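Commentary on secondary and tertiary structure
One letter stands for each residue in the lines below.
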Amino acid sequence: MSLRSDLMALVRGDRGADRVVPRSGQSARLTFATSAAMAFLAVFAMALAMASGRLADRWSDALAQSSTIRISAPPAEMEAQTWAVLTVLEQTPGVESARALSDEDQQALLAPWFGPDLPLDDLPVPQLIEITETADGYDADGLRQRLAAEAPGAVLDDHDRWRRPLAEAAGRLRVLGWLALVLILGATGAMVTLAAQSALSANEQVIRVLRLVGSRDSYIARAFVRRFTIRAFTGAALGVLIGLLAVAILPSARDTAAILTGLSFSGAGWLWPLIIPPLAGATAFAATRIAAFRTLRGLQ
């Protein structure tokens, strides 16, 4: 039986061949439930893969073209070193603007960790200077050398140590999400194979009778392939629908600052889960086709 004839039979259908495979029973429920559950998990795996990329882009954009200088000096020298740093930054090519953070700004930065009532005047909090870069950026090594000469207590943080780990972590999360999707499809194929073999074994007597009356193995196998492919497709469609509803009701990233609230789809990304039912159907098609011919050869 050729693959093309299998695909044509899948589209056209054959009522006579369909009667070979029971419409209900353990194999039917197993195939439908497995496909629905795996598709539900696949939606979250896909959401994880896409959300990790958006999260890294958002954090990288927030850190891009910005730097911070931290000045740790005795209180008597703090103001002088602050003005020295600002003077150096005004003369540095690639620096668009620079400003020293006020006590209110630093209080707001520390509030998420220490609360809004932190007494900054009683603590040796360093002075922070926020730098906004131009599109071309500046020479970080050269700026560090000038700061070491003009303001020994100043330390430049160009945020590169934050951007690189974020990009690497996002890349690994993205790979993990797509790997999980592949494993889910593999598990679906394995369960469909077991269900098809169970149905074939349960209908062994029917298959022997069909052979006696002249039915070819390709005709018998086609009935199992079509039935199990449709079961896997419809089960996966239901699982995707439930998965999309579950993702839609997750808290929005705008409503809370938690990281996992970004586990969702965005824009046209909501259409990507629609490929899961066809993938599940194709997986079931291939798995059932292989299992059917292998089992039928064993019934010779």
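What counts as what
Residues numbered from 1 in each chain as written. Predicted model: local features only at pLDDT ≥ 70, side-chain atom pairs only at ≥ 80, totals over all residues. Heavy atoms only, no water. Helix = DSSP H or I, 4+ residues; strand = E, 2+ residues; numbered from the N terminus. Buried < 20%, exposed > 50% of the residue type's maximum accessible area, 1.4 Å probe, protein only. Areas by Shrake-Rupley, 256 points an atom, 1.4 Å probe, with all protein chains shown as cover. Axes fitted to C-alpha atoms, helices over the stretch in contact; angles between N-to-C directions. Left-handed = near helix turned anticlockwise from the far one by under 90°. Contact = heavy atoms within 4.5 Å. Nonpolar A, V, L, I, M, F, W, Y, C, P; charged D, E, K, R; others polar. pLDDT = per-residue confidence, 0-100. Phe/Tyr/Trp six-rings, centres within 6.5 Å; stacked < 30°, edge-to-face > 60°. Lys NZ or Arg CZ within 6 Å of the ring centre and 35° of its normal. Pairing = 2+ DSSP bridges. Patch = residues over 30% accessible without salt bridge, like charges linked within 9 Å, V, L, I, M, F, W, Y side chains within 5 Å. Salt bridge = Lys/Arg side-chain N within 4 Å of Asp/Glu carboxyl O. Polar contact = N/O pair within 3.5 Å; in protein donor to acceptor, adjacent residues only side chain to side chain. Core = buried A, V, L, I, M, F, W, Y, C linked by side-chain atoms within 4.5 Å.

**Here we look at the overall build of the chain**
- Scanning the chain for helices and strands turns up 10 helices and four strands.
- The N-to-C order of helical and strand elements in the chain reads α-α-α-β-α-β-α-β-α-β-α-α-α-α.
- Looking at the chain residue by residue over its 300 residues, the buried ones come to 41%.
- With the model as given, the accessible surface of the chain reaches about 17,100 Å², and the carbon-plus-sulfur share is 61%.

**Details of the packing of helix α8 (residues 204-212) against helix α9 (residues 217-248)**
- Relative orientation of the contacting elements α8 and α9 amounts to 145°, with a least axis distance of 10 Å. Relative to α9, α8 is oriented so that their crossing is right-handed. In this structure, α8 contributes Ile 207, Leu 210 and Arg 211 to the contact, and α9 contributes Asp 217, Ile 220 and Phe 224.
- Each residue belonging to the contact of α8 with α9 can be placed in one class, and the counts come to four nonpolar, no polar and two charged.

**Side note on the confidence of the model for the chain**
- In this model, the chain carries an average pLDDT of 78, and 79% of its residues clear a pLDDT of 70 or more.
- Within the model, pLDDT remains below 50 along residues 255-261, and this stretch shows seven contacts once partners closer than five positions in the same chain are excluded.

**Let's talk about the packing of aromatic side chains**
- Scanning the model with the defined rule gives two aromatic pairs in all.
- Residues Phe 40 and Phe 44 carry aromatic rings whose centres are separated by 5.2 Å and whose planes lie at 55° to one another, so their mutual orientation is tilted. Here Phe 44 and Phe 40 lie together in helix α3 (residues 26-63), a separation of four residues that amounts to about one turn.
- Judged by its relative accessible area of 27%, Phe 40 is partly exposed.
- By relative accessible area, which is 23% here, Phe 44 ends up partly exposed.
- Taking the ring centre of Phe 228 as reference, the NZ or CZ of Arg 231 above it sits at 4.8 Å.

**Points about the sheet that holds strand β3 (residues 127-133)**
- Pairing within the open sheet is antiparallel, and its four strands lie in the order β2-β3-β1-β4. The open sheet has two edge strands with one neighbour each: β2 (95-100) and β4 (154-157). Each strand axis lies, on average, 20° off the axis of its neighbour in the sheet, ignoring direction.
- With five bridges joining them, β2 and β3 adopt antiparallel strand pairing. Residue pairing in the sheet places Val 95 in a bridge with Glu 133 of β3.
- Packed onto the sheet, helix α4 (residues 75-90) meets β1 (66-71), β2, β3 and β4 and runs at close to 5° relative to β3.
- Sitting on the sheet, helix α6 (residues 140-150) is in contact with β1 and β4, with an inclination near 170° to β4.

**A short note on the side chain of Thr 92**
- Following the sequence through the fold, Thr 92 ends up in the loop between α4 and β2.
- Excluding residues within four positions of it along the chain, Thr 92 makes contact with Tyr 138, Leu 143 and Arg 146.

**Focus: the packing of α4 against α6**
- With their axes 10 Å apart at the nearest point, α4 and α6 run at an angle of 145° to one another. In the packing of α4 onto α6, the handedness of the crossing is right-handed. Mapping the contact onto sequence places Ala 84, Val 85, Val 88 and Leu 89 in α4 and Leu 143, Arg 146, Leu 147 and Glu 150 in α6.

**Observations concerning a nonpolar patch on the surface**
- A cluster of nonpolar side chains, Phe 32, Leu 238, Leu 241, Ile 242 and Leu 245, forms an exposed patch at the surface whose accessible area comes to about 440 Å².
- Residue Ile 242 is classed as partly exposed on the basis of its relative accessible area of 43%.

**Looking at the side chain of Ser 67**
- Assignment of secondary structure puts Ser 67 in strand β1.
- What makes Ser 67 buried here is its relative accessible area of 1%.
- At 2.8 Å, the side chain of Ser 67 and the side chain of Glu 133 are in polar contact.
- A polar contact of 2.7 Å, which involves the side chain of Ser 67, links it to the side chain of Tyr 138.

**Some details on the nonpolar core**
- Ile 69, Ile 71, Val 85, Leu 89, Leu 147 and Leu 156 are the most contacted members of the largest nonpolar core, which has 18 residues in total.
- Elements supplying a minimum of two residues to this core: β1, α4, β3, α6 and β4.
- Residue contributions to this core peak at five residues, all from α4.
- Beyond its immediate sequence surroundings of up to four residues, Leu 89 is in contact with Ile 69, Val 95, Ala 98, Ile 129, Ile 131 and Leu 143.

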